[in-house]
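Chain by chain, the residues:
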Amino acid sequence: MPSASLPDGDADRAELNSVLQLEIESELLTLALTHRSYAYENGGIGHNERLEFLGDAILGQAVTVMLYLENPDVDEGELAKRRASLVSSAALAEIAGHIGLGRYLLLGRGEELTGGREKQSILADAVEAIIGAAYLSVGPDGATALVLRLIAPLLADPNRFGAAMDPKTSLQELSTRLGKGLPQYTVTDSGPDHSKRFSATVALAGDPIATGDGTSKKQAEMAAALAAWAILQRPQR
């Protein structure tokens, strides 16, 4: 099966490995960055969905073990909520933003035209694929260390877990406090009836702030709310 290549080849791979602070094997790194839209447009080459599957499991394990060991007095229910907030699509897309992952993605023309480099679902999947590629390149310890580095900025936010439990309420409270009024949600869906995907956009004072994806309208709205909440939390320059 033919393989893809990054636009700037070795330079981009070296740059991204430097950001990740480890050395992912060249072909695996490129595969992790290859979206299925690019693969289909280039003769059915490999894409990142199998690596995403692997990375999802590694991410979940690393976060679960970390939370268990570092929070001995927290009960199972709260641990589960905290884990969910750290492995959600919104959280992974935020991680992707921190490391500038969008610029390295290999996307098909359609995704390029519709802002695929900023789509939450594509970014989240790519983060998981990167973790999977790291596991195959440097082993379980190196992959776990990568996960912990990636989530460190999220853990540094003392309000994150509260917002993740009820993102729509948290966003409403924050936007009201900032004088931006009540959030307004717009939801669209795509795909066949048996496998629909929903995309929500949340706006404040008529200005779109963030988007979120999910398998239900509620899930998409919650993802969009959490992403918007994170944006409003950023220091204003």
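Parameters at a glance
- Per chain, residues are indexed from 1 in the order of the written sequence.
- Confidence filtering applies because this is a predicted model: local features only for residues at pLDDT of at least 70, side-chain atom pairs given and counted only at 80 or more, and all residues used for totals across whole chains, interfaces and linings.
- Water and hydrogen atoms were dropped before computing side-chain values, which therefore reflect all heavy atoms in the structure.
- Secondary structure is summarised from DSSP: a helix means a run of H or I of at least four residues, a strand means a run of E of at least two, and numbering begins at the N terminus for each.
- Within these notes, the globule rule equals 2.2 Å times the number of residues to the 0.38 power, and the radius of gyration is based on C-alpha atoms.
- Only protein chains enter the area calculation, which uses a 1.4 Å probe; residues under 20% of their type maximum are buried, those over 50% are exposed, and those in between are partly exposed.
- Contact definition: two residues touch when any of their heavy atoms are within 4.5 Å.
- Method for areas: the Shrake-Rupley scheme with a 1.4 Å probe, in which residue coverage is limited to the protein chains shown.
- Points on a 1 Å grid, built from protein atoms alone, make a cavity when a 1.4 Å probe fits but cannot get out and make a pocket when they are open with protein on both sides within 12 Å along at least 5 of 7 lines; residues with an atom within 4 Å of a point are the lining residues.
- Grid points are joined across faces, edges and corners, and a volume is the space filled by probe spheres set on the points.
- Polar here means any residue other than Ala, Val, Leu, Ile, Met, Phe, Trp, Tyr, Cys and Pro, which are nonpolar, and Asp, Glu, Lys and Arg, which are charged; Gly is therefore polar.
- Side-chain rings of Phe, Tyr and Trp (the six-membered ring for Trp) are treated as a pair once their centres are within 6.5 Å; stacked means planes under 30 degrees apart, edge-to-face means over 60, and tilted covers the remaining angles.
- Two limits define a charge over a ring: the Lys NZ or Arg CZ must be within 6 Å of the ring centre, and within 35 degrees of the ring normal.
- Only strands that DSSP links by at least two bridges are regarded as paired with each other.
- Comment: axis = line fitted to C-alpha atoms, over the contacting stretch for helices; angle = value between 0 and 180 degrees taken between N-to-C directions.

Peer 1: Explain the overall build of the protein chain here, please?
Peer 2: Counting secondary structure elements, the protein chain contains 11 helices and three strands. Its helices and strands taken in sequence order, the protein chain reads α-α-α-α-α-α-α-α-α-α-β-β-β-α from the N to the C terminus. Here the protein chain has a C-alpha radius of gyration of 18 Å; the compact-globule value for 237 residues is 18 Å, and the two agree. Projected onto the principal axes, the alpha-carbon positions of the protein chain cover approximately 50 × 45 × 40 Å. Within the protein chain, buried positions represent 45% of all 237 residues. Counting only contacts in the protein chain whose residues sit at least 6 apart along the sequence, the fraction spanning at least 24 positions is 56%. Accessible surface, the protein chain: about 12500 Å² in total, of which carbon and sulfur atoms supply 51%.

Peer 1: Explain empty space enclosed by the protein here, please?
Peer 2: The gaps of empty space that remain are located by a probe, the size of a water molecule, rolled over the atoms. Per the stated rule, a full pass over the model turns up one cavity of 30 Å³ or more. By volume, the largest cavity amounts to about 60 Å³. Around the largest cavity, the lining residues are H35, R36, N48, E49, E52, I122, D125 and A126. Mapped by element, the contributors of at least two residues to the lining of the largest cavity are helix 4 (49-70) and helix 8 (120-155). The element contributing the most residues to the lining of the largest cavity is helix 8, with three residues. Looking at the lining of the largest cavity residue by residue, the classes come out as two nonpolar, two polar and four charged.

Peer 1: What is the right way to read the packing of aromatic side chains from this model?
Peer 2: What characterises a pair of aromatic rings is the spacing of the ring centres plus the angle enclosed by the ring planes. Enumeration over the complete set of coordinates arrives at zero aromatic pairs. The positively charged end of R103 is found above the aromatic ring belonging to Y104, 4.6 Å away from the centroid. The ring of Y185 has K168 sitting right over it, with the charged end atom 4.7 Å from the ring centre.

Peer 1: Even after reading the chapter, I still don't get the sheet that holds strand 3 (residues 207-214), so can you show me in this structure?
Peer 2: Picture the strands of a sheet paired through backbone hydrogen bonds; they go either parallel or antiparallel. Read from one edge to the other, the open sheet built from three strands follows the order 1-2-3, with strand pairing classed as antiparallel. Two strands bound the open sheet, and with one partner strand each, they are strand 1 (184-190) and strand 3. Each adjacent strand pair in this sheet contributes to an overall mean axis angle of 20°, direction not counted. Direction of pairing for strand 1 relative to strand 2 (residues 197-204): antiparallel, over a ladder of seven bridges. Note that in strand 2 the partner of Q184 across the bridge is A203.

Peer 1: Help me out: how do you make sense of the pairing of strand 2 in this one?
Peer 2: Every regular strand shows the same layout, with side chains that alternate between the two sheet faces. The antiparallel hairpin formed by strand 1 and strand 2 contains six residues in its connecting segment, where G191 sits at a positive phi of about 95°. Pairing geometry for strand 2 and strand 3, over seven bridges, is antiparallel. When the bridges of strand 3 are listed, F198 appears paired with G214.

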